[in-house]
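Spelled out from the first residue to the last, the chains are:
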Amino acid sequence: MDKELIVKTSRFNLLLMYGVGGGIIVCLSYLLWGLYEEGSNGFGFFCVILGLFILGGLYMIVNAYIVKDDYICVNQKGISVDAHNSDFIPKRCMFSYRWSELSTYVLDVVGYKSMSHSCLELYDKNENLIQKVKFQSLLGAEMNRFDAYVPEAFLCKPAYDYLRYGRTTFFSRSDNSKTLLFLGLFFLLGAIAFFVLFIKIADDSLVAELCMPGIFFIYGLVYIYGGVVTKKDRLIFEKKGLTIDLHTTSLFRHKHKVLPFDSFYYYNVSLTSSQCELQFLDQDKNEIFSCDCTNLTNTRYLDWMLKWRLSK
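Residues numbered from 1 in each chain as written. Predicted model: local features only at pLDDT ≥ 70, side-chain atom pairs only at ≥ 80, totals over all residues. Heavy atoms only, no water.

Looking at this structure, how should I read helix 6 (residues 302-310)?
Two residues of an α-helix separated by three or four positions point the same way, owing to the 3.6 residues in each turn. When we look at burial in helix 6, the residues that qualify are Leu302, Met305 and Leu306. Along the axis of helix 6, the buried residues cluster in a sector spanning 100 degrees; they form a single face. Tucked inside the fold, the buried residues of helix 6 contact helix 3 (157-165), strand 9 (167-171), strand 10 (234-238), strand 11 (241-247), strand 13 (266-271) and strand 14 (276-281). (Buried < 20%, exposed > 50% of the residue type's maximum accessible area, 1.4 Å probe, protein only. Helix = DSSP H or I, 4+ residues; strand = E, 2+ residues; numbered from the N terminus. Arc of directions from axis to C-beta. Contact = heavy atoms within 4.5 Å.)

Set out below in C-alpha cells:
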C-alpha cells in the first residue's frame, strides 16, 4: 500500500478561531453596551472603532466555518486538492493530477506552531504553470512533510528556472507585507482609542494620557514601515553569485550584499518551520555575511541550490 499524506484543516485551529472570534464579539459588545448605558461622551466614536473589531471577530468565525472541511491528499501516484485559498473571501480550489501529468512542482511553506502558510505551484508536461494556490492558514502544519510523499524524480522549480535562464529570484512574501501593514493599522487604531479613553479617565496627568497610546502609536509606525520596505526584499541567484537585498525582521534594517561564489568557502542554512537564517563563512570559518531570509519565498530550496551550484 502506497504511503499517503492527508492534510486537513486543524481542529485545534478551528476551535482557536471560534473561541477568539466569539470572545472578541462578546467582550466588546458588552463594553459597548456599558458605554451606551452610561451615556458616555464620544460613544459614536467608540461604536465605530469597537464595531470594526467586532466585525473582525465575526469574520474569524465565518472564515473558520467556510474552510473547516478542506483537505490535501498526496501519495506516490498523484495529488488531490479540495481546499480554499488565502483570499479575504476564500475561494474554493478543487483539482486532481497524477504525477505523470506534471513536470515539476514548487511548495513554499512557513509554519507558525500549529498553523502553516503554504503556496503550491504545479507545472504540466510542457512546463507551463497550471495551478498556483496560496492555501488558507488553518491547515495543519503537516504540509512541511509534503516532499517526502512526492516521487524523488521530481525537480524543484527554482533549479529549473536557473538551468533555463541562468537566474532565479527568491522574492518577498506578499502575505508578510500585508500582515505587517494590518498590524500597523491595528496598533494605530488602538493608539487613538486609548488616547480618547485616557483623556476621559486620566487624572490630568499628561504622562498617563500619552504613555499607552504612545507605545501603540510607535508600534504601529514600525509595522507600517516594515510592511512598505519589505515588499522589495529579494535574493537573486545568478551564474556568478548571489545578490542579497532585504531587511531584517527586527526594526527592519536594510542589508545589501553581492557575494560571488568564489568569495566564500562555507555556508550554513538554518531552516526551521518559522525561520531561515543564511550565513557565509571564509576559509577560516569566520563570518563574512549573514541574513534572515524568513520573509523570502521558497527558502526551503536555498540549501539544495547552493549545494548544487557549489558542486559544479
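So what exactly am I meant to see when it comes to the side chain of glutamine 136 here?
Position of glutamine 136 among the secondary structure elements: in the loop between strand 7 (129-134) and strand 8 (155-156). Taking relative accessible area as the criterion, glutamine 136 reaches 4% and is therefore assigned buried. Within the structure, glutamine 136 has its side chain in polar contact with the side chain of threonine 9 (distance 3.1 Å). Here the side chain of glutamine 136 touches leucine 138 through a polar contact of 2.7 Å, landing on its backbone nitrogen. With residues up to four places along the chain from it excluded, the contact list for glutamine 136 reads Thr9, Val67, Asp70, His84, Asn85, Ser86 and Ser116. (Polar contact = N/O pair within 3.5 Å; in protein donor to acceptor, adjacent residues only side chain to side chain.)

How do you make sense of the sheet that holds strand 15 (residues 287-292) when you look at a structure like this?
Pairing between sheet strands relies on hydrogen bonds along the backbone, with the strands arranged either parallel or antiparallel. Reading across the sheet, the 3 strands line up as 13-14-15 and stay open at both edges, with antiparallel pairing between neighbours. Since the sheet does not close on itself, it has two edges, and those belong to strand 13 and strand 15, each with one partner. Here the average twist between neighbouring strands, direction ignored, is 10 degrees. Relative to strand 14, strand 13 runs antiparallel, the two being bridged by 6 bridges. (Pairing = 2+ DSSP bridges. Axes fitted to C-alpha atoms, helices over the stretch in contact; angles between N-to-C directions.)

Please explain the side chain of histidine 247 as it appears in this structure.
Looking at the element boundaries, histidine 247 is found in strand 11. Within the structure, the side chain of histidine 247 is placed 3.5 Å from the backbone oxygen of valine 229, a separation counted as a polar contact. Setting aside chain neighbours within four positions, we find histidine 247 in contact with Val229, Thr230, Asp233, Phe252, Arg253 and His254.

Would you mind showing me how to read a nonpolar patch on the surface here?
There is a patch of nonpolar side chains on the surface, built from Val48, Leu52, Leu55, Leu58, Val62, Tyr65 and Ile66 and spanning about 660 Å² of accessible area. With respect to the element layout, leucine 58 can be found in helix 2 (residues 43-66). (Patch = residues over 30% accessible without salt bridge, like charges linked within 9 Å, V, L, I, M, F, W, Y side chains within 5 Å. Areas by Shrake-Rupley, 256 points an atom, 1.4 Å probe, with all protein chains shown as cover. Salt bridge = Lys/Arg side-chain N within 4 Å of Asp/Glu carboxyl O.)

What should I look at first to understand the pattern of salt bridges in this one?
A pair can form between side chains of opposite charge whenever their charged atoms are brought close. Enumeration over the complete set of coordinates arrives at 7 salt bridges. One salt bridge in this structure joins lysine 132 and glutamate 121, with 3.9 Å as the shortest N-O distance. Highlighted residues: lysine 132 in strand 7 and glutamate 121 in strand 6 (residues 115-124), separated in sequence by 11 residues. Of the charged contacts, one joins lysine 307 and aspartate 303 as a salt bridge, the two residues approaching to 3.4 Å between their closest N and O atoms. One end of the pair is lysine 307 and the other is aspartate 303, both in helix 6 and 4 residues apart, which spans about a single turn. Taking relative accessible area as the criterion, lysine 307 reaches 51% and is therefore assigned exposed.

Just checking my understanding: could you explain the pairing of strand 2 (residues 71-75) for this structure?
Remember that side chains alternate between the two faces of the sheet whenever the strand is regular. For strand 2, a buried count of 4 out of 5 residues is recorded, marking the element as mostly surrounded by other parts of the structure. Bridge analysis of strand 1 (residues 4-8) against strand 2 gives 5 bridges, and the strand direction is antiparallel. Counterpart to valine 7 in the pairing with strand 2 is isoleucine 72. Relative to strand 3 (residues 78-84), strand 2 runs antiparallel, the two sharing 4 bridges. Looking at the pairing, isoleucine 72 lines up with valine 81 of strand 3. The turn linking strand 2 back onto strand 3 is made up of 2 residues.

Even after reading the chapter, I still don't get helix 3, so can you show me in this structure?
Looking only at helix 3, the buried set comprises Lys157, Pro158, Ala159, Tyr160 and Tyr162. Just downstream of helix 3 lies glycine 166, where phi reads positive at about 70 degrees.

How should I be thinking about the nonpolar core in this particular structure?
Nonpolar side chains in soluble globular proteins generally cluster together in the buried interior. The biggest cluster of nonpolar side chains holds 30 residues, and the ones touching the most others in it are Ile72, Ile79, Tyr105, Phe135 and Phe146. Sorting the residues of this core by element identifies strand 1, strand 2, strand 3, strand 4 (92-98), strand 5 (102-112) and strand 6 as the ones contributing at least two each. Of the residues forming this core, the biggest block, 5 residues, is contributed by strand 5. When near neighbours in sequence (up to four residues on either side) are disregarded, phenylalanine 135 contacts Ile72, Val81, Ala83, His84, Asn85, Ser86, Ser118, Leu120 and Met143. Core analysis: the next-biggest nonpolar cluster, separate from the first, contains 21 residues, Leu235, Leu246, Leu259 and Leu302 among them. (Core = buried A, V, L, I, M, F, W, Y, C linked by side-chain atoms within 4.5 Å.)

How should I be thinking about the sheet that holds strand 12 (residues 254-260) in this particular structure?
One open sheet holds the 4 strands; their spatial order is 9-10-11-12, and the pairing between them is antiparallel. At either end of the open sheet lies a strand with only one pairing partner, and these are strand 9 and strand 12. Direction aside, the axes of adjacent strands within the sheet are offset by 5 degrees on average. Here strand 9 pairs with strand 10 via 5 bridges, running antiparallel. The residue bridging threonine 169 from the neighbouring strand is isoleucine 236, located in strand 10. Along the sheet, helix 6 contacts strand 9, strand 10 and strand 11; its crossing angle with strand 10, the most-contacted strand, is approximately 25 degrees.

Coordinates in, geometry out; function isn't part of it.
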